[in-house]
Amino acid sequence: MRDWPTLVLIVACYAGWAATTLWLAAWSLPLAIVLTALFVALQSSLQHEVLHGHPFRNQRLNETLVFLTLNLAIPYKRFRDTHLEHHRDAMLTDPYDDPETNYIDPVIWERMPQALRALMQLNNTLLGRMLLGPLIGQIRFMWEDFELIRAGDRKVLRGWLRHGIAVAVVLVWVLAISAMPLWAYALAAYGGLSLLRLRTFLEHQAHDSARGRTVVIEDRGLFALLFLNNNYHVVHHMHPRVAWYKLPALFRSNRDKYLRRNHGYYYPSYRTVLARHLLRAKDPVAHPLWRGDQRQSPFPERFARSRVNARQ
């Protein structure tokens, strides 16, 4: 056993999810939708914790615990593989080689239709990211994976096939056992994905130095618990195997070091994030430092290829 707190939280998450969909939904459907969304978001955070090696030393056992993807949208194994790619810090915010970036190559941006550019600009505000981000991100994610499958990537195909089994199990629960209508569960699942967009909205910024691209949001409230302290994101990137409940103390033990490390990319709380960026973008959609010429790029390890080409 690597850590008990994570295992206890996994059990509590599934128990809470079952209770809200089975009993609370019969009493107050609106409240059940809200709480189910919280548990969906928490389970996604727990999936992130599992892919970094918790709670057991046996990774196959760990992944069995989070096989059921409560958000219905993101296959765990695809999330695992793309997220581990994202942890190559030299590639952070790279429009091609960082699987989790929202930045776009300026050349592609200039060629976009005006209506699509307006949609992407709206998506670049926090409110837009939470309302539209899950849908935009899902379309983009599935399109890229479809291209990989069409190119013969069997690993990606297996990830989606296993996801189909997981989704079927969740849907059997919702349709045959729970008191929650399918439309209500779909709304809760989308709500959980929207909450996660609050976490990811500021995680990384364009910066000449790879060290300056990763944020600290010094929050200890509900959102910090929901995101398992991933708001101390530069600490997580520097120590990806450290358990979620140790990150705040690790940050406080050497606060100046971490803030020097990320060039002061810092917010005191999610309240500050909401106040500053609910209706205002933090930066442009087109990567402000990107150059197609590798010699001028702030990503010296990048090769002239897209993620699709890299896997063909």
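Higher on the page you've got the structure.
Predicted model, so just to flag it, every value in this text is computed and none were measured.

A. Focus on the overall build of the chain. Looking only at helices and strands, the chain has 15 helices and 2 strands in total. In terms of overall size, the chain behaves like a compact globule, its C-alpha atoms giving a radius of gyration of 19 Å where 312 residues would be expected to give roughly 20 Å. Over its C-alpha atoms, taken along the principal directions, the chain stretches across nearly 60 × 50 × 40 Å. Sorting the 312 residues of the chain into buried and exposed places 51% on the buried side. Of the contacts made within the chain by residues no fewer than 6 positions apart, 70% connect residues no fewer than 24 positions apart. A total of about 14,900 Å² of accessible surface is found on the chain, and carbon and sulfur atoms cover 63% of it. Between the mean site of the 38 positive side-chain charges and the mean site of the 24 negative ones, the chain shows a separation of 3 Å.

B. Representation of the pattern of salt bridges in the model. The full count for this structure, using the stated rule, is 11 salt bridges. Note that Arg80 and Asp81 form a salt bridge whose closest N and O atoms lie 3.0 Å from each other. Like Arg80, the residue Asp81 is buried in the burial classification. Between Asp81 and Lys155 there is a salt bridge, with its nearest N and O atoms 3.6 Å apart. In this pair, Asp81 is assigned in helix H4 (residues 76-86) and Lys155 in helix H8 (residues 154-177), connecting sequence segments 74 residues apart. Given the relative accessible area of 15%, Asp81 is considered buried.

C. Highlighting empty space enclosed by the protein. Counted under the stated rule, the structure contains 3 cavities of 30 Å³ or more. Of the volumes computed, that of the largest cavity is approximately 980 Å³. Taken together, 45 residues line the largest cavity, and the ones lying closest to its centre are Pro99, Glu100, Asn102, Arg197 and Thr200. Those elements that provide at least two residues to the lining of the largest cavity are helix H2 (29-51), H4, helix H6 (114-123), helix H7 (126-150), helix H9 (182-200) and helix H15 (307-311). By residue number, the principal contributor to the lining of the largest cavity is H7, which donates 10 residues. Of the residues contributing to the lining of the largest cavity, the split by class is 13 nonpolar, 18 polar and 14 charged. The computed volume of the second largest cavity comes to approximately 60 Å³. Taken together, His48, Glu49, His52, His54, Leu228, Asn230, His236, Pro240, Val242, Trp244 and Leu247 form the lining of the second largest cavity. Of the residues belonging to the lining of the second largest cavity, the class tally is 5 nonpolar, 5 polar and 1 charged.

D. Quick peek at the packing of aromatic side chains. All chains considered together, the criterion is met by 12 aromatic pairs. Taking the centre distance of 5.6 Å and the plane angle of 70° together, the rings of Phe223 and Tyr270 count as edge-to-face. With Phe223 in helix H10 (residues 222-226) and Tyr270 in helix H14 (residues 270-277), this pair connects stretches of sequence that are 47 residues apart. A relative accessible area of 24% means that Phe223 is categorised as partly exposed. On the basis of relative accessible area, Tyr270 is assigned to the buried category, the value being 1%. Between Trp244 and Tyr245, the aromatic rings sit 5.3 Å apart at their centres with planes inclined by 90°, giving edge-to-face as the arrangement. The exposure class assigned to Trp244 is buried, which follows from its relative accessible area of 12%. Taking the relative accessible area as the measure of exposure, Tyr245 reaches 29% and is therefore partly exposed. Feature note: the residues Trp17, Trp173 and Tyr185 constitute an aromatic cluster, connected by ring pairs.

E. Fine view of the nonpolar core. Membership of the largest hydrophobic core comes to 30 residues, with the highest contact counts inside it found for Leu42, Leu46, Leu198, Tyr267 and Val273. Secondary-structure elements contributing two or more residues to this core are helix H1 (4-27), H2, H4, H7, H9 and H14. When residues in this core are grouped by element, the largest group, 5 residues, is from H2. Among residues more than four places away in sequence, those in contact with Leu198 are Leu126, Met130, Phe223, Phe227, Tyr270, Val273 and Leu274. Counting 16 residues, the second-largest nonpolar core is a separate cluster that includes Trp17, Ala25, Ile33 and Val40.

F. Quick look at the packing of H6 against H7. H7 packs onto H6 with a crossing angle of 120° between their chain directions and a minimal axis gap of 8 Å. For the element pair H6 / H7, the angle class is oblique. Between H6 and H7, the residues in contact are Leu119, Met120, Leu122 and Asn123 and Gly128, Arg129, Leu132, Gly133 and Ile136, respectively. Class assignment for the residues of the contact of H6 with H7 results in 5 nonpolar, 3 polar and 1 charged.

Criteria and cut-off values
- Residues numbered from 1 in each chain as written.
- Predicted model: local features only at pLDDT ≥ 70, side-chain atom pairs only at ≥ 80, totals over all residues.
- Heavy atoms only, no water.
- Helix = DSSP H or I, 4+ residues; strand = E, 2+ residues; numbered from the N terminus.
- Rg over C-alpha atoms; globule rule 2.2 N^0.38 Å.
- Buried < 20%, exposed > 50% of the residue type's maximum accessible area, 1.4 Å probe, protein only.
- Contact = heavy atoms within 4.5 Å.
- Areas by Shrake-Rupley, 256 points an atom, 1.4 Å probe, with all protein chains shown as cover.
- Lys, Arg positive; Asp, Glu negative; His and termini not counted.
- Charge placed at Lys NZ, Arg CZ, Asp CG, Glu CD.
- Salt bridge = Lys/Arg side-chain N within 4 Å of Asp/Glu carboxyl O.
- 1 Å grid on protein atoms, 1.4 Å probe; cavity = no way out; pocket = protein on both sides within 12 Å on 5 of 7 lines; lining within 4 Å.
- Points joined across faces, edges and corners; volume = space filled by probe spheres on them.
- Nonpolar A, V, L, I, M, F, W, Y, C, P; charged D, E, K, R; others polar.
- Phe/Tyr/Trp six-rings, centres within 6.5 Å; stacked < 30°, edge-to-face > 60°.
- Core = buried A, V, L, I, M, F, W, Y, C linked by side-chain atoms within 4.5 Å.
- Axes fitted to C-alpha atoms, helices over the stretch in contact; angles between N-to-C directions.
- Parallel < 35°, antiparallel > 145°, perpendicular 65-115°, else oblique.

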